[in-house]
Amino acid sequence: MDRTDPCWLFGYGSLIFRPAIPFVERRPARVRAWTRRFWQWSTDHRGEPWRPGRVVTLAPAPDDCCWGIAYRLAETDAAAILADLDMRERGGYVRMEIELELHAPAGQAPDTLVASSRVVAGLTYQGWPGNRNYAGPAPIDEIASQVIQATGPSGANADYVRDLDAALNALAVEDAHVAALVAGLGG
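Presented here is an overview of the structure given in this document. (Residues numbered from 1 in each chain as written. Predicted model: local features only at pLDDT ≥ 70, side-chain atom pairs only at ≥ 80, totals over all residues. Heavy atoms only, no water.)

Considering the packing of helix H3 (residues 140-149) against helix H5 (residues 176-184)
Reasoning step 1: In the contact formed by H3 and H5, the axes pass within 9 Å of each other and the chain directions differ by 60°. Crossing handedness for the pair H3 and H5: right-handed. For the pair H3 and H5, contact is made by Ile140, Ile143, Ala144, Val147 and Ile148 and by His177, Ala180, Leu181 and Gly184, respectively.
Reasoning step 2: In terms of residue class, the contact of H3 with H5 is made up of 7 nonpolar, 2 polar and no charged. (Axes fitted to C-alpha atoms, helices over the stretch in contact; angles between N-to-C directions. Helix = DSSP H or I, 4+ residues; strand = E, 2+ residues; numbered from the N terminus. Left-handed = near helix turned anticlockwise from the far one by under 90°. Contact = heavy atoms within 4.5 Å. Nonpolar A, V, L, I, M, F, W, Y, C, P; charged D, E, K, R; others polar.)

Shown next as structure tokens:
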């Protein structure tokens, strides 16, 4: 793993379709031994404390991987961007270092790029079990019901799910958990 690279940030949820940060480069990336799950409550963005929404977090999965987008941050901006993200992700997420497989620039299908990947150290945010907003596993129909009812300052929770699904489809990434939830929402 190359630790001499600039700061890379891995987005696997809203950072894919709404990064709202300046970046120097954007590339498809994946992390091994993790999977994306709607196991985190959102009480500050896609829900409210009395009716929380569900958003994604990374869950350990030794035989799986999670595709997303890696953003290379300008060295001069990295500290300020990370401080802003610490605030954005304050609802139970912690910043952690993770190995990222970077692939060709966005716009090219990730499945054709596996042989050309390189591994770098990156950062991401994860909602660990036990944090105050950890929702944990639940049947898809239960998650869908919670998503349908939730709206917060950043919009409807169902829009978050559909926007994530659309962004993954644009990357040619299949995510069975996200697809099942979209189906549970009625499309």
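A look at the pairing of strand S4 (residues 94-102)
Reasoning step 1: Here 2 bridges tie strand S2 (residues 25-42) to S4, and the two strands are oriented antiparallel to one another. Pairing of Arg30 across the sheet is with Glu101, part of S4.
Reasoning step 2: Inspection of the sheet shows S4 paired to strand S5 (residues 118-126) by 9 bridges, in the antiparallel sense. Looking across to S5, one finds that Glu101 is bridged to Val119. (Pairing = 2+ DSSP bridges.)

Things to note about the nonpolar core
Reasoning step 1: With 48 residues, the main nonpolar core has Leu9, Phe38, Leu73, Leu85, Leu100 and Val161 as its most contacted residues.
Reasoning step 2: Ignoring sequence-local partners within four residues, the contact set of Val161 consists of Phe38, Val147, Val178, Leu181, Val182 and Leu185. (Core = buried A, V, L, I, M, F, W, Y, C linked by side-chain atoms within 4.5 Å. Buried < 20%, exposed > 50% of the residue type's maximum accessible area, 1.4 Å probe, protein only.)

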